[in-house]
Amino acid sequence: MILTIVHVADFDQFLRTFSTRGVEKRREHGCKGSWVFRDRDDPGRVWALFDWSAEDYEGFLTDPEIPAIAAELGVQGPVVKVESMAAYDS
């Protein structure tokens, strides 16, 4: 699992792109699913959780089409990848 946090200019535009071009590109790089969460106190702050291996995610990041898709998503500032520290069965 990969968790990222990003700030976007327009959440609706972000979701339109994330759910179309983003899905296609993530599938190309082995992503098996994604979940989007929005900060109630800051509507531009978005968490995205991906069912993705670290290796496939790194390949995605080096895809030359990603900067254009990120611009279409309205990403502002760097994407923060959150490191998993532990996993539990409940």
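Quick note: structure is the one above.
In short, a report on the structure. (Residues numbered from 1 in each chain as written. Predicted model: local features only at pLDDT ≥ 70, side-chain atom pairs only at ≥ 80, totals over all residues. Heavy atoms only, no water.)

Each helix and strand in the protein chain was counted, giving four helices and four strands. The secondary structure elements of the protein chain, listed N-terminal to C-terminal, are β-α-α-β-β-α-α-β. Computed over the C-alpha atoms, the radius of gyration of the protein chain is 13 Å, within 12% of the 12 Å expected from 2.2 N^0.38 for a compact globule of 90 residues. Principal axes of the C-alpha set define a box for the protein chain whose edges measure 35 × 35 × 20 Å. When the 90 residues of the protein chain are sorted by exposure, 30% land in the buried category. The contacts of the protein chain with a sequence gap of at least 6 include a subset with a gap of at least 24, amounting to 68%. Accessible surface, the protein chain: about 6,000 Å² in total, of which carbon and sulfur atoms supply 54%. Counting 10 positive and 16 negative side-chain charges, the protein chain places the centres of these two groups 4 Å from one another. (Helix = DSSP H or I, 4+ residues; strand = E, 2+ residues; numbered from the N terminus. Rg over C-alpha atoms; globule rule 2.2 N^0.38 Å. Buried < 20%, exposed > 50% of the residue type's maximum accessible area, 1.4 Å probe, protein only. Contact = heavy atoms within 4.5 Å. Areas by Shrake-Rupley, 256 points an atom, 1.4 Å probe, with all protein chains shown as cover. Lys, Arg positive; Asp, Glu negative; His and termini not counted. Charge placed at Lys NZ, Arg CZ, Asp CG, Glu CD.)

Let's shift gears to helix α2 (residues 21–28). All of the buried residues along α2 are G22, K25 and R26. Looking straight down α2, one finds its buried side chains confined to an arc of 100 degrees; they lie on one side. Summarising the geometry of α2, the exposed residues directed more than 90 degrees from the buried face are E24, R27 and E28. Summarising the contacts, the buried residues of α2 are in contact with α1 (11–18), β2 (34–38), β3 (45–50), α3 (54–61) and α4 (66–73). Once α2 ends, the next one or two residues include G30, with phi positive near 85 degrees. (Arc of directions from axis to C-beta.)

Attention shifts here to the pairing of strand β1 (residues 2–8). Residues I2, T4, V6 and V8 line the buried face of β1, whereas the alternating positions L3, I5 and H7 sit on a face that is not buried. One ladder, built from five bridges, connects β1 with strand β4 (residues 75–82); its direction is antiparallel. When the bridges of β4 are listed, V8 appears paired with V75. (Pairing = 2+ DSSP bridges.)

By themselves, these figures tell us nothing about what the structure is for.
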